[in-house]
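The lines below spell out each chain.
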Amino acid sequence: MIELIAEYWKPFLFSDGETLTGLAMTLWLLVASIAMGFFLSLPLAIMRTSRWALVRWPVQLFTYVFRGTPLYIQLLICYSGIYGIAAVRSQPLLEAFFRDAMNCTLLAFTLNTCAYTVEIFAGAIRSIPYGEIEAAHAYGLSGWRLYLQLILPSALRRALPYYSNEVILMLHATSVPDILKIARDANAATFMTFQAFGIAGLLYLALSFGLVWAFRIAEKRWLSFLGPAH
């Protein structure tokens, strides 16, 4: 165990000498995909709750497809499938983008988490009591000001417990290209199966507990208004 840690602690934590690996790659993929998925999901969640079917249905189809298919299949389609299209390879920018495995991984992760986040935020928007919206109208809020100053802030606070689950799931999804890969390499080189995968499990457990702790603090601060009055 000590020998394994002494030899593989750098790849497990941040680098193999040339590229990011292990924990550093996990955090980079998680933060980048969650951040892009979050900002993409905000306008899509508003569209998802629209009264107009032509606005709502395309977003509903997007979330249905990405929530109804495995992330691994989405990764294969983004990397192998799209790059195999002649029209994509004929465009220099698209060809350069889809030739890079990391770009394809980040794209698949972003679209996947965006689809789930859209449904989470859309559900939170629907759960806002109509009395709050009526009160905002009484203060003269409407249109985009109503969304920016009332609906979105209230929905994001209400969505925190559910969104935290999505972040944890995305953390586990990053096991394909980073910490788990290092554990497989260490196991293949040393045959210390329990130790190699045990270290990987402990790293994911520590990250998961850290995220749960951070979200619990956020919920205690921003969801206190939903608690019983004292």
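So, a few notes on the structure that sits alongside this text.

Reading the values: the criteria
Residues numbered from 1 in each chain as written. Predicted model: local features only at pLDDT ≥ 70, side-chain atom pairs only at ≥ 80, totals over all residues. Heavy atoms only, no water. Phe/Tyr/Trp six-rings, centres within 6.5 Å; stacked < 30°, edge-to-face > 60°. Helix = DSSP H or I, 4+ residues; strand = E, 2+ residues; numbered from the N terminus. Buried < 20%, exposed > 50% of the residue type's maximum accessible area, 1.4 Å probe, protein only. Core = buried A, V, L, I, M, F, W, Y, C linked by side-chain atoms within 4.5 Å. Contact = heavy atoms within 4.5 Å. Salt bridge = Lys/Arg side-chain N within 4 Å of Asp/Glu carboxyl O. Expected span 1.5 Å × (residues − 1). Bend = angle between axes of the 7 residues up to and from the residue. Axes fitted to C-alpha atoms, helices over the stretch in contact; angles between N-to-C directions. Parallel < 35°, antiparallel > 145°, perpendicular 65-115°, else oblique. Left-handed = near helix turned anticlockwise from the far one by under 90°. Nonpolar A, V, L, I, M, F, W, Y, C, P; charged D, E, K, R; others polar. Disulfide = S-S within 2.5 Å. Polar contact = N/O pair within 3.5 Å; in protein donor to acceptor, adjacent residues only side chain to side chain.

The next subject is the packing of aromatic side chains. Note on aromatic pairs: each is described by the distance of the centres and the angle between the planes. Across all of its chains, the model carries 7 aromatic pairs by this definition. Where F38 meets F121, the ring centres are 5.6 Å apart and the plane angle is 85 degrees; that geometry is what we call edge-to-face. Of this pair, F38 sits in helix α2 (residues 22–48) while F121 is found in helix α7 (residues 101–126), placing the two residues 83 residues apart along the sequence. Overall, F38 belongs to the partly exposed group, its relative accessible area being 21%. You can call F121 buried: its relative accessible area is 3%. Among the aromatic residues, those joined into a cluster by ring pairs are F38, F39, F121, Y163 and F215.

Counting 42 residues, the largest nonpolar core has F121 and L146 as the members making the most contacts within it. Examining the composition of this core, we find that 12 residues originate from one element, helix α9 (residues 143–173), more than from any other. Dropping the residues within four chain positions of it, L146 is found in contact with I133, A136, H137, L141 and I151. Membership of the second largest hydrophobic core comes to 6 residues, among which are V59, F66, C114 and V118.

Glancing now at the pattern of salt bridges. Oppositely charged side chains can pair when the atoms bearing their charge come close. Taken as a whole and assessed by the stated rule, the structure comprises 4 salt bridges. Two residues, E119 and R48, come together in a salt bridge whose shortest N-O distance is 2.9 Å. On the criterion of sequence distance, the pair formed by E119 in helix α7 and R48 in helix α2 is long-range, its members being 71 residues apart. Across this residue pair, the class does not change: E119 and R48 are buried. The partner of R158 in a salt bridge is E132, with the nearest N and O atoms 2.8 Å apart. Within this pair, whereas R158 is found in helix α9, its partner E132 is found in helix α8 (residues 130–138), the two being separated by 26 residues in sequence. Taking relative accessible area as the criterion, E132 reaches 26% and is therefore assigned partly exposed.

Another aspect to go through is α9. In a regular helix each residue adds 1.5 Å, so 31 residues correspond to 45 Å; α9 covers only 37 Å between its end C-alpha atoms and thus falls short of that length. A bend of about 60 degrees at L160 is the largest found in α9, and the proline P161 appears one to four places after it.

A separate point is the packing of helix α4 (residues 71–83) against α7. Two elements in contact, α4 and α7, have axes whose closest approach is 9 Å; the angle formed by their N-to-C orientations is 135 degrees. Taken together, the axis directions place α4 and α7 in an arrangement best described as oblique. Judged by the twist between their axes, the crossing of α4 over α7 is right-handed. Residues L71, Q74, L75, C78 and Y79 of α4 form the contact with α7, whose own contacting residues are A101, C104, T105, L107, A108, F109 and N112. Residue classes in the contact of α4 with α7 are distributed as 9 nonpolar, 3 polar and no charged.

What follows deals with the side chain of S50. Mapped onto the secondary structure, S50 falls in the loop between α2 and α3 (53–68). Other than its neighbours up to four places away in sequence, S50 contacts V55 and R56.

Next up on the list: the state of the cysteines. Summed over the entire model, instances satisfying the criterion amount to 0 disulfides. The cysteine C78 is free of any disulfide, with C104 supplying the nearest cysteine sulfur at 6.5 Å. Overall, the relative accessible area of 6% leaves C78 in the buried class.

Within the secondary structure layout, S41 lies in helix α2. Here the side chain of S41 touches F38 through a polar contact of 2.6 Å, landing on its backbone oxygen.

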